[in-house]
Structures are given as C-alpha cells and as structure tokens.
Amino acid sequence: MNIVIANDHGAVDLKKKLVQWLTKQGHKVKNLGVDTEDRVDYPDMAALAIEEFGKGGYDFGILLCGTGLGISMAANRHKGIRCALIHDSFTALMAKEHNDANFIAMGGRVQYREKPEDLLEIYMNATFQGGRHAERIAKLG
Ligand code: RB5
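Let me begin by describing the structure that accompanies this report.

Definitions and limits used
- Residues numbered from 1 in each chain as written.
- Predicted model: local features only at pLDDT ≥ 70, side-chain atom pairs only at ≥ 80, totals over all residues.
- Heavy atoms only, no water.
- Pairing = 2+ DSSP bridges.
- Helix = DSSP H or I, 4+ residues; strand = E, 2+ residues; numbered from the N terminus.
- Axes fitted to C-alpha atoms, helices over the stretch in contact; angles between N-to-C directions.
- Parallel < 35°, antiparallel > 145°, perpendicular 65-115°, else oblique.
- Left-handed = near helix turned anticlockwise from the far one by under 90°.
- Contact = heavy atoms within 4.5 Å.
- Nonpolar A, V, L, I, M, F, W, Y, C, P; charged D, E, K, R; others polar.
- Expected span 1.5 Å × (residues − 1).
- Buried < 20%, exposed > 50% of the residue type's maximum accessible area, 1.4 Å probe, protein only.
- Arc of directions from axis to C-beta.
- Disulfide = S-S within 2.5 Å.
- Salt bridge = Lys/Arg side-chain N within 4 Å of Asp/Glu carboxyl O.
- Near = heavy atom within 4 Å.
- Polar contact = N/O pair within 3.5 Å; in protein donor to acceptor, adjacent residues only side chain to side chain.
- Areas by Shrake-Rupley, 256 points an atom, 1.4 Å probe, with all protein chains shown as cover.

**A few points about the sheet that holds strand 5 (residues 103–107)**
Whenever strands of a sheet pair, they do so through backbone hydrogen bonds, lying parallel or antiparallel. In spatial order, the strands read 2-1-3-5-4; together these 5 strands make up an open sheet with parallel pairing. Of all the strands in the sheet, the pair left with one neighbour each is strand 2 (28–31) and strand 4 (83–85). Between one strand and the next, the sheet's axes are offset by a mean angle of 25°, whatever the strand orientation. By the bridge criterion, 4 bridges tie strand 1 (residues 2–7) to strand 2 in an arrangement that is parallel. Counterpart to Val4 in the pairing with strand 2 is Lys30.

Below, the structure is given as structure tokens:
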C-alpha cells in the first residue's frame, strides 16, 4: 500500500515504529512528520498529510500526536477526510468496515493494551462493508 504519515512532537517514537513496521512489510510510506521533539502544531501536521493525500495515489493516511485527539479533530475539519481515532482492535476494524476511514489516528503518549502495529494491520486488512454504511458516510458530506 501507499501511505502518507505525519506526526507532531508527541509521537516521534510511535511514528518511527510504525514507519519501520510498514516498510518491513513492503509498504511505501511518505513521512511528512517531525523526527525530533521540537514543538510543532498538530493542525499543521494534519494539513500537510491531507494536502499530500489529496494529490492522489495514496491508500490511506496515518496521523499521530500525543493523544491522537487533536490531530484527528484537525483532520476531520477537512472536507472528504474521515479520520478515525482508533484505540483497540475493535475500533481499528470498525474504522474500515463501517466508517471507511481514509485516515487513522493514534497517540504517542497513550498506553495501548494492544500493539499499535497490530491495530494498524487490522485496519489495513479490513474491508468496507458498504450498504447502509455508505449511505451514512454520504451524509457526512
Ligand atoms: C502536544 O503537547 C499535544 O498537545 C499534542 O500532541 C496532542 O496530544 C493534542 O491533542
């Protein structure tokens, strides 16, 4: 898959871990996030990734900040973006099956009970179910 990723200073280690995992699996990753803990603003990082995603050719995007909260809020203000803040295997699965999320968000300062790589894999292997879910997504505009 072709994936765009961006992060703020609150998720440098998580970003590195996910990029390493994705690359090892043979996926192509465009890293637009920061690699140091110098402060940046998560709305700017979301905007960078969304602009790149809008150029086309990407399967989905990953957005990371300290909690995943701010950067998912920022992403969802952009038209056409459905960014799902996932935190376990159920929400990772539903993000694709029900919401057809084109971005997922996680937090670098969050203690997940499951490995973030595993959540990512569940999302990536899932399939959008369409039907009534497509009708609901259409209402998001
Ligand atoms: C940055 O300190 C932090 O506020 C940010 O990474 C994120 O957690 C916001 O939602």
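That was the structure; now back to the text.
**Things to note about the packing of helix 1 (residues 12–24) against helix 5 (residues 116–125)**
Between helix 1 and helix 5, the least distance of the axes is 10 Å, while the angle of their chain directions is 50°. With respect to helix 5, the element helix 1 is oriented oblique. Relative to helix 5, the crossing made by helix 1 is right-handed. Each of Leu14, Lys17, Leu18, Trp21 and Leu22 in helix 1 lies in contact with helix 5, whose residues at this interface are Pro116, Glu117, Leu120, Glu121 and Met124. Of the residues that constitute the contact of helix 1 with helix 5, the class distribution is 7 nonpolar, no polar and 3 charged.

**Examining helix 2 (residues 42–54)**
Taking 1.5 Å of rise per residue, 13 residues should cover 18 Å, and helix 2 covers 18 Å from first to last C-alpha, within 8% of that figure. Within helix 2, burial applies to Met45, Ala46, Ala49, Ile50, Glu52 and Phe53. Across the axial projection of helix 2, the buried residues extend over an arc of 160°, all falling on one side. Turned more than 90 degrees away from the buried face of helix 2, the exposed residues are Glu51 and Gly54. Among the structural elements, strand 1, strand 2, strand 3 (60–65), helix 3 (69–75) and strand 5 are those in contact with the buried residues of helix 2. Positive phi appears at Gly56, one or two residues downstream of helix 2, with a value of about 95°.

**Comments concerning the state of the cysteines**
Counting across every chain of the model gives 0 disulfides. A disulfide-free cysteine, Cys65 has its sulfur positioned 9.3 Å from the sulfur of Cys83, the nearest such atom. Accessibility expressed as a relative area gives 3% for Cys65, which makes it buried. Classification of Cys83 as buried rests on a relative accessible area of 10%.

**Examining the pattern of salt bridges**
By the definition in use, this model includes 4 salt bridges. Asp100 is the salt-bridge partner of Arg82, the closest N and O atoms lying 3.5 Å from each other. You can see Arg82 sitting in the loop between helix 3 and strand 4 and its partner Asp100 sitting in the loop between helix 4 (89–97) and strand 5, a full 18 residues away along the chain. Here Asp100 ties to Lys96 by a salt bridge, and the two come within 3.3 Å at their closest N and O atoms.

**So, the site of the ligand**
Around the ligand, the structure places Asp8, His9, Tyr42, Cys65, Gly66, Thr67, Gly70 and Arg109. Between the ligand and Asp8, the relevant distance is 2.6 Å, taken from an oxygen atom to a side-chain nitrogen or oxygen of the residue. In the model, an oxygen atom of the ligand is placed 2.9 Å from a nitrogen or oxygen of the Gly70 main chain. Out of a free accessible area of 300 Å², the ligand has 71% covered by protein chains. Classifying every residue of the shell around the ligand gives 2 nonpolar, 4 polar and 2 charged.

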